[in-house]
Structure formats: C-alpha cells, structure tokens
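# Architecture at a glance
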Amino acid sequence: MTITQRSLDGYGAPTIEWARVKAVLDGQLTQAPGTGGPQRHTMWLTTINPDGSPHVMPLGVVHRGGSWYFTSGPVTRKSRNLARDPRCVVSVATDPFDLVIEGSAEWVTDAGELDSVAEVFVSAGWPAGVAGDALTAQYSAPSAGPAPWHAYRLKPSTVFALGTSEPFGATKFQLD
C-alpha cells in the first residue's frame, strides 16, 4: 500500500507521523466510560441518505487483522444507505489526535471472518455470535436495530489526523 501525506496545518506545526496514526488505528478503542476523550471513545459513522444528505450515528467499532469492523441491523437507515452506496466516514476523538477515516464499508459474509469478528466483539465485552451471514446477541446498541446484525469492514481511502495535543498539527493521508 502506498501512503502519501500532506500537511493541512496553517501554523507551522510538523506533519503527524503515519506510524503514530497507524498505532491508534491498529489498537482497540474502547467505549467504556473514562477510557478516552472526552470521557470515552465514541465512534461516529456518516453515510449518505438517498437525497444526498448526511446521516450520522454512533456505533461500536473493533479492530481485527488491520481492519475496523462495525455492525448494523439490515433495516436501519445506515445499513440501507450502505447497501445503496458503501461510501462512508468514521470519526473518533482520541488523546493524541482526532481521526476522520473516509472510505467504504464492505458487508462481511465469509463464515471464517465473521467468526473472528465475533470473537473480537466478545473479547471487547459484547457477547456476539454468528448466525448464518450475520452476528447475533441478546442485546446491542439501540441504534443497531433488532438482531441479526450485518458486520461491515471499513476499507479506508483517506485518513485525516488532527492533533489534540503538542505538537498538534493536521495531516491528510491518502491510502492507495
């Protein structure tokens, strides 16, 4: 993969190093209270409504094998939007920088990959299991809709890192 970067900072701060950004992307950002900023890590998914307007909802994200995964019920607005147009944005505030990840969401139906994703969700505290080509559990976030839930893999194309602590900075990374 080729990564090009460009500073977006207008104040002379250095570019943010890709290795620092990748370390956050490759980690598990928990949503437990008191674990992130402000007070916890809330991931936000933006999809495109049929009329072209944005649709933004919070969601849980886990990391496995270099990819971010999230779930959504097939009848939710976000799943219907992704079925029509997989382009999306996931954003999150972290301690060293805020991240905005532009890309597309791919619906995961491979049984082995679903098993692995379910295992990561279980280790993160959500008792998910696989049912056919989806995940299921006794509960999920209210915005996920009723079970079963599609699992999606985020395929990033552009990452923005916006510094929230010294030395600050703002860098755009294009992933090819």
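The following refers to the structure shown. Here the structure is a predicted model, which means the values were calculated and not measured.

Helix and strand counts for the chain stand at three helices and eleven strands. Listing every helix and strand of the chain by position from the N terminus yields β-α-β-β-β-β-α-β-β-α-β-β-β-β. Over its C-alpha atoms the chain spans a radius of gyration of 16 Å, differing by no more than 12% from the 16 Å that the globule rule assigns to 176 residues. Taking the principal axes of its C-alpha atoms as reference, the chain extends roughly 50 × 35 × 30 Å. The proportion of buried residues among the 176 residues of the chain is 39%. Sequence separation of at least 24 residues holds for 60% of the intrachain contacts in the chain that already meet a minimum separation of 6. Put simply, the chain shows about 8900 Å² of open surface, and 56% of that area lies on carbon and sulfur atoms. Across the chain, 13 positive and 16 negative side-chain charges occur, with their mean positions spaced 6 Å apart.

Counting residues in each nonpolar core, the largest one holds 25 residues, and the members touching the most others are Val 21, Leu 25, Trp 68, Phe 70, Leu 99 and Val 159. Among the elements of the structure, helix H1 (18-25), strand S2 (43-48), strand S5 (67-72), strand S6 (87-93), strand S7 (97-108), strand S10 (150-163) and strand S11 (170-175) are those that each provide at least two residues to this core. The next biggest cluster of nonpolar side chains, apart from the first, holds 15 residues, and it includes Tyr 69, Ala 118, Trp 126 and Ala 144.

Its volume calculated, the second largest pocket comes out at about 380 Å³. In terms of lining, the second largest pocket is formed by 19 residues, of which the most central are Met 1, Gly 66, Ser 67, Pro 156 and Leu 175. Those elements that provide at least two residues to the lining of the second largest pocket are H1, S5, S7 and S10. Sort the elements by how many residues they give to the lining of the second largest pocket and S10 lands first, with six residues. In terms of residue class, the lining of the second largest pocket is built from nine nonpolar, four polar and six charged.

Rules and cut-offs
All chains use their own residue numbering, which begins from 1 and follows the written sequence. Selection of residues for local features in this predicted model requires a pLDDT of at least 70, selection of side-chain atom pairs for listing and counting requires 80 or more, and totals for whole chains, interfaces and linings are taken over all residues. Heavy atoms from the whole structure form the basis of all side-chain values; hydrogens and water molecules are not counted. Starting at the N terminus, helices and strands are each numbered in turn, a helix being any DSSP run of H or I of at least four residues and a strand any DSSP run of E of at least two. We compute the radius of gyration over the C-alpha atoms and compare it with the globule rule, which gives 2.2 Å times the number of residues raised to the power 0.38. Accessibility here uses a 1.4 Å probe with only protein chains present; expressed as a share of the type maximum, an area under 20% marks a residue as buried, one over 50% as exposed, and anything in between as partly exposed. Any two residues having at least one pair of non-hydrogen atoms within 4.5 Å are treated as being in contact. Where accessible areas are quoted, they stem from the Shrake-Rupley method and a 1.4 Å probe; at the residue level, only the protein chains shown are allowed to cover. Only four residue types enter the tally: Lys and Arg on the positive side, Asp and Glu on the negative side, with His and both chain ends excluded. By convention, the point assigned to a charge is CZ for Arg, NZ for Lys, CD for Glu and CG for Asp. For our purposes a nonpolar core is just a set of buried Ala, Val, Leu, Ile, Met, Phe, Trp, Tyr and Cys residues, chained together by side-chain atoms within 4.5 Å. Cavity: a set of points on a 1 Å grid over the protein atoms alone where a 1.4 Å probe fits but cannot get out. Pocket: an open set with protein on both sides within 12 Å along at least five of seven lines, its lining residues, like those of a cavity, having an atom within 4 Å of a point. Grid points are joined across faces, edges and corners, and a volume is the space filled by probe spheres set on the points. Ten residue types, Ala, Val, Leu, Ile, Met, Phe, Trp, Tyr, Cys and Pro, are classed as nonpolar, four, Asp, Glu, Lys and Arg, as charged, and the remainder, Gly among them, as polar.

Distances and angles like these do not, on their own, reveal function.
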